[in-house]
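One-letter residues, chain by chain:
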Amino acid sequence: MSSRSEKRRAAWAALGRGGDAGGSSRAPFLGIHFTCCGIYGRIYRTRDRRAYEGRCPRCLARLRVPIGDGGVAQRFFRAI
Ligand SMILES: [Zn+2]
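What this report covers is the structure whose coordinates are included nearby. Computed from a prediction, not measured in an experiment: that's the story for all the values here.

## Focus: the nonpolar core
Part 1: Core analysis: the biggest nonpolar cluster contains 10 residues, these being Leu-30, Ile-32, Phe-34, Ile-39, Ile-43, Tyr-52, Cys-56, Leu-63, Val-65 and Val-72.
Part 2: For this core, the secondary structure elements donating two or more residues are strand E1 (29-34), strand E2 (39-45) and strand E4 (62-66).
Part 3: Of all the elements, E1 adds the most residues to this core, at three residues.
Part 4: With near-sequence residues (within four places) excluded, Ile-43 lies in contact with Pro-28, Phe-29, Leu-30, Ile-32, Phe-34, Tyr-52, Glu-53, Gly-54, Arg-55, Leu-63 and Val-65.

In structure tokens form, the structure reads like this:
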């Protein structure tokens, strides 16, 4: 009786898996706590993969985080 809805659910699950789940080993964004406004957001990796760049979602201050050897250890930044 409920097999039909179960099939549909499985189809949706398969669709969801095809997105950005697999692929690159590292996420192209960095979770950031914007201390300027006390909120959490994310900034994205630049094309040359040497830094993360983005803006505070609230005050739109620019933030750039250079990527050193082995990545970025720090997770809390203040956008200036
Ligand atoms: Zn801010």
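## Some words on the pairing of E2
Part 1: Two strands pair when backbone bridges link them, and E1 and E2 are joined in this way by six bridges, in the antiparallel orientation. Residue pairing in the sheet places Gly-31 in a bridge with Arg-42 of E2.
Part 2: Count of turn residues in the E1/E2 antiparallel hairpin: four residues, of which Gly-38 carries a positive phi of about 70 degrees.
Part 3: Bridging between E2 and strand E3 (residues 51-55) involves two bridges; their strand directions are antiparallel. Bridging from a neighbouring strand, Arg-45 pairs with Tyr-52 of E3.

## What about the coordination of the zinc ion?
Part 1: Within the protein, the zinc ion binds to Cys-36 (SG), Cys-37 (SG), Cys-56 (SG) and Cys-59 (SG); these donor distances fall in the range 2.3 to 2.4 Å.
Part 2: In this structure, the zinc ion is surrounded by four donor atoms whose angles at the metal cover 104 to 116 degrees, and the resulting shape is tetrahedral.
Part 3: If you list the donors of the zinc ion from N- to C-terminus, the spacing comes out as C-C-x18-C-x2-C. Taken as a pair, Cys-36 in the loop between E1 and E2 and Cys-59 in the loop between E3 and E4 lie far apart in primary sequence, 23 residues in all.
Part 4: A relative accessible area of 27% places Cys-36 in the partly exposed class.
Part 5: On the basis of relative accessibility, which here comes to 41%, the residue Cys-59 falls in the partly exposed class.

How each quantity is defined
- Residue indices begin from 1 for each chain and proceed along its sequence in written order.
- Note on the predicted model: pLDDT of at least 70 is required for a residue's local features to be given, and 80 or more for side-chain atom pairs to be given and counted; whole-chain, interface and lining totals, by contrast, use all residues.
- Side-chain numbers here rest on the full set of heavy atoms in the structure, without hydrogens or water.
- In these notes, a set of buried Ala, Val, Leu, Ile, Met, Phe, Trp, Tyr and Cys residues joined through side-chain atoms within 4.5 Å is what counts as a nonpolar core.
- Accessible area is worked out with a 1.4 Å probe on protein chains only. A residue is then buried under 20% of its type maximum, exposed over 50%, and partly exposed in between.
- Only runs of H or I of at least four residues qualify as helices and only runs of E of at least two qualify as strands under DSSP, and these elements are numbered from the N terminus.
- Working rule for contacts: check all heavy atoms of both residues, and any pair within 4.5 Å makes them a contact.
- In this description, strands pair whenever DSSP reports at least two bridges between them.
- For Na, K and Ca the donor cut-off is 3.2 Å, and for all other metals it is 2.8 Å, counting N, O and S atoms only; because water is absent from this set, sites may look incomplete.
- Geometry assignment treats four donors as tetrahedral when all angles are between 85 and 135 degrees, treats four as square planar and six as octahedral when opposite donors are over 155 degrees apart and all others between 65 and 115, and treats everything else as irregular.

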